Structures are given as structure tokens and as C-alpha cells.
Amino acid sequence: MTARLRQTLAAVAAMLCAITLTAFAQPARADNPIVQTIYTADPAPLVHNGRVYLYTGHDEDNSTYFTMKEWRVYSSADLVNWTDHGSPMSVATFSWASADAWAGQVVNRNGKFYWYVPVKNRTTGRMAIGVGVSTSPTGPFTDAIGRPLAENGEIDPTVFIDDDGQAYLYWGNPNLWYVRLNSDMISYSGGVTQIPLTTAGFGTRTGNTSRPTLYEEGPWVYKRNGLYYNVFAAKCCSEFIGYSTAPGPTGPWTYRGTVMPTQGSSFTNHAGIIDFNGGSYFFYHNGALPGGSGYTRSVAVEKFTYNADGTIPTMTMTTAGAPQNGTLNPYARQEAETIAWSSGVETEPSSEGGLNVANIENGDYVKVKGVAFGGGATSFTARVASATSGGRIEVRTGSPTGALAGTCTVPGTGGWQAWTSVSCTMTGLSGTQDLYLRFTGGGGFLLNVNWWQFGGTGTGGNLLTNAGMEDGATGWQVNGSGTLTAGTATVRSGTRALTIAGRTGSWNGPAQDVTTRLTNGRSYTTSVWVRTQGGTPAAKATLALTAGGTTSYLQLTPATTVNANGWTLLSGTATPSWSGTLSRALLYVETAAGTDNLVIDDASFQ
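The following paragraphs examine the structure supplied in this document. (Residues numbered from 1 in each chain as written. Predicted model: local features only at pLDDT ≥ 70, side-chain atom pairs only at ≥ 80, totals over all residues. Heavy atoms only, no water.)

A short note on the state of the cysteines
So, step 1. The final tally for this structure, using the stated rule, is two disulfides.
So, step 2. In this model C236 forms its disulfide with C237; the gap between the sulfur atoms is 1.5 Å.
So, step 3. Two residues share a disulfide in this structure: C408 and C424, whose sulfurs sit 2.0 Å from each other. Classification of the bridge connecting C408 and C424 rests on its S-S torsion, roughly -100 degrees, and on that basis the disulfide is left-handed. (Disulfide = S-S within 2.5 Å.)

This is how it looks when you write it as C-alpha cells:
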């Protein structure tokens, strides 16, 4: 949304919130919709390497039709705090397309991510299915084949890979079609097959003889415990979410009932379902943001539990959303665009990579939920920029006007992308709390924020020296063979990252001695961002512990595939322990196989 429109809508929302608080005398709790900076629609979640990646459409402000020019990506490790990764694909990605970046889905296979989307074919004027491809879940995506994969004028592709490796692509409105994709995921064998829409399979619609079944559009097909599910938008308009099940991927289907009844101010709905960290989650869209409608929608999520017989319970839209799955680590560098809720702010591409929070005005704020401060945070650092005279960042807990832990003053830096770091002292931050960064100052835009990080004492705080690589290779060494250099060409944040070249073994990597910083039997959380200069090895962080003349190895993070096209987060928690006197503890990043050159940035061990 435009900054001025968002400011107006935020003021309206604030007044409504105040009225609610006065009437009900209870704290506000709203984490749905999960994105507040723009209007989003047609959610397609994907679980990959311990995170949920959420692919959405983008409804343009003030739309009176489905005016959509690009797709967006968000990700989260806890289903509450979502990181904005911007727009890695748009209509312009497909040279043969002219309009309509509508509902699609991403699947991971062959070390690549395939994004199946409907767009209007410039030549025929019909809707067709295109395929974007990337080696990173956050893109950028390119046109995989330079033409439509399939075209019959219908929309809303969903993709599913069965246990035997056979992939299926389904789509359709008013009909329902599928093809069997080949293993390359960009071609198919056989013809386009139409699935019979029977009332037994998809329910009975009344009052429309041309559409006798409830099926409308937006299929989402998946498999659970040997049963195939097809969750879809039903009975326009307004739509509800229904579902059918089958013993096989192509049927025969049996209609099972309603997942989410018609609700909210959007006359469409679109479903996506995943399992993540022991829970099941249902994504959908509504029109719940200020200015929301059937053409300015917003994505939301609910947690649910399948019934004992495998049926899906009926759910309703909530403002509370899903409960947090885990906590957020404040002692690792966090992107400012990682947000549970926000008021007034927007995001934009940053000159330091990724996005930054922008268009900040007096009284705007960002909420980050479930922040685990542990024994206590004593300092706060933020990467900021301002083309004006700057402003202040108030660090608060509980609410935008909650307890004040400290205030950082942000000076003018000479430009909205002229970055500098500011720090300030914190008090009263311990345990797990909801964090609010509230921005204050004069009129107009005040400042931009790229990232933030807390520091602490004792068990809190990052134990690594020069964790952001801003001081070159200071504090770092090579485990085994290789050469470390600090470079500015490829960085995740700040101005430098650390590259190791000349590795002769998979265990060679950038390392740091943490011998004097460890406590026997204490748990530590590790995070480090990694990319390669070529190749797609599996990387991990490892701790080599030498005690009593014996060296043991503790894997700190799961092995995760990394690539040269984007940064990948290695993250995990482990408990080092040893017998006797610890003589050396070396933390290092390695690969499971290969000697690819690695680049690391923004590391944390705490």
C-alpha cells in the first residue's frame, strides 16, 4: 500500500482498536492477517529446511478487479514472525505473458524450485500455465521453458509429487484438469486429462444448472496417511472452502464437506495446507485489512488438528491466527522486515541486499512476537539510514506503549540507503516477551531500518567475535586448508562477508575458537548464513571438542543444501559436553562432500 494510504488506514485501525480495548478491557491480540505492508492473496505454503516459505499474489492498492502484476515470498521458522523476501517473479518474467499474476504453487525437486502460475498469453489472450524456476526458495525465478507448459484458458495450478516420484499438475475453473509431469518438472507425458466433476465427488450446487457441483477453482492436492486430499474453493460467489478425498491421485473423489465456511469481506478464498514441526496449518485469504475487499485481500493462517478418521475439521477465520511454533532469537541478527504485526511501515529493496523497512513515520511500529531474551539483553544495535534528520527507535515490550527498555537515536545519514549502525543500552529485557520497535520523531519520513540485534551478558549474547564479518577476517581462522578473504561483492548484510577458497577437503572451512566461551552441558544455538561460489553442496556447522587428548565432533546444525544464487540459513541447537579438561573447541562451517568455495555472513553462537 502507498505510505499515505497506509498512514490513513493505520489511524483508522488504531481508533477501532482503542474502541475495542475500551469496550472489552482486554489486550489486543491480532496476528492475522500475517502481512500488513501490502495486500496479499492466494497463499501457497512450502516447508523447506526447517522454514515455511509462503508464496502469494499481490493485489494492487485500490483495485476494483484482480489487478495483480507480481508474486511475493515470505518465510518463517515459527509461523508468526514472517520475513519479507520481496517479489522474485512477475508477469514480466514471462516474455510471452501480458497480465494477471494469479494463484500458483511452488514445489522443490532436483535441487530446484518450480513455480507453476497462471498468466495471460499475449498471443492468444487466454490464461495459460507458466513455470518459473530457481535454485533458491526466495528466487529470483526465471522462465523455465520460454512458453506455456499448458494452455486451455483455465487457472489455479497446484502440484503434487507422489511417494513413487510421479508428479501431478492440477488446475481449472470451471473444470478440473491434470497432467502427469515428467521428472524434469517442465514437461509432461500423455495428454491433458479432465477429472469428472460429479456430485458424489465434489458435492451438489443448487441454483446453477451449468455448474452442478460445488467445485469452483483453486485446487490444493496432497497426500496424508495414504489418503489423497483435494481442498478447493467452492460455490462462487461468495466462496467457501470444501474438500474431497480419494484412494489415488486421480480419483475417484468423494466429497467430504466444509473446511471453512463463507466468511469475511472477500468473495473469494484460496487454501493451502501443510504440516510443520508437529502441527497442521491451514492458509487462506480474506479482506480483513483496512481497505480490504474481494480485490484487496490478505493472507491468514490457522492451526488445526485432523480428526481421528483423517477428516478435516471445520475452521473459522480468526484475528489471533496460529500460535507461535518456537521462539525468536534476538541475539542473532534479525532482518527488520521480519514482522509479526506492523503499523504504518512498508518494505523496499535494500542496497545491502534483501529488503529494509521503509517509509517510517512518527508513531509507526513493528511487532516481533515471542522473543527469547533469556537471562537478559543489555544492548540493542540497528542498521539504519535517513535522508532527513532521523528519529528515534523506542524498544518496548508488551505493546507499542508498553515498558520502555531503551531508546536509540538515529541521525541523518545523507540518504535513505546510506547505512550506519547505532547502538543503545537496554534494561528490563529478560525471559520471552513480545518486542515492539516504535518509531518517533518529527513530521514526514524519519528513517529506514535494515536489521537489528541484541547483545547480552552471561548466557545471553553472541559468543562469536566479528560475527557480522564487518572487521574482515578478525577472529576467524581456517579449519584445515584454504584461504580466508573478506569481500564486499557478495554480502548478506552490512558491507562485508567472509569467503574461503582453496578447500581440499569437505571438512575445511571458516572457523572460530570458542574454547574459553563454553560451559559444559549448556545448550547453544547456532546460526550462520551461507552461500557457495558454485555447486550445491550440503553445508553444516560443526563443533570440534578436544578434551583429555580425544577429539569429538558435535553437529550444530542440520546439513542443508546451499547454492550460489542466494543465502541459506544454517540454524540449530545442540548441547556440547566433555569429560576432563577442555583444551580446544573449534566451531566451523563444512560441507558433507566436495570442496566448493563458501561465503559466510551474519553468524551467531549463543
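Some details on the sheet that holds strand β14 (residues 177–181)
So, step 1. Across the sheet, which stays open at both edges, the four strands sit in the order β12-β13-β14-β15 with antiparallel pairing between neighbours. The open sheet has two free edges, formed respectively by β12 (158–161) and β15 (188–194), since each of these has just one partner strand. Taking each pair of neighbouring strands and ignoring which way they run, the sheet shows an average axis angle of 20 degrees.
So, step 2. Two strands pair when backbone bridges link them, and β14 and β15 are joined in this way by four bridges, in the antiparallel orientation. Pairing of L181 across the sheet is with Y188, part of β15. (Pairing = 2+ DSSP bridges. Helix = DSSP H or I, 4+ residues; strand = E, 2+ residues; numbered from the N terminus. Axes fitted to C-alpha atoms, helices over the stretch in contact; angles between N-to-C directions.)

A look at the pairing of strand β9 (residues 127–134)
Residues in a regular strand point their side chains to alternate faces of the sheet.
So, step 1. Of all eight residues in β9, eight are buried, a share of seventy percent or more.
So, step 2. With burial as the criterion, each face of β9 is covered, one bearing M127, I129, V131 and V133 and the other bearing A128, G130, G132 and S134.
So, step 3. Between strand β8 (residues 112–121) and the antiparallel strand that follows it, β9, lie five residues; G125 among them carries a positive phi value of about 75 degrees.
So, step 4. Pairing geometry for β9 and strand β11 (residues 150–151), over two bridges, is antiparallel. (Buried < 20%, exposed > 50% of the residue type's maximum accessible area, 1.4 Å probe, protein only.)

Some words on the pattern of salt bridges
Pairing is possible between side chains of opposite charge, provided their charged atoms come close.
So, step 1. All told, the structure shown has 17 salt bridges when counted by the stated rule.
So, step 2. Measuring nitrogen to oxygen at the nearest pair gives 3.9 Å for the salt bridge that ties K120 to D100. Of the two residues, K120 is situated in strand β8 and D100 in the loop between β6 (97–99) and β7 (105–109); the sequence distance between them amounts to 20 residues.
So, step 3. Take K120: its relative accessible area is 30%, and that puts it in the partly exposed class.
So, step 4. The exposure class of D100 is buried, given its relative accessible area of 11%.
So, step 5. Here the residues in one salt-bridge network are R333, E335, R492 and D602, joined through shared partners. (Salt bridge = Lys/Arg side-chain N within 4 Å of Asp/Glu carboxyl O.)

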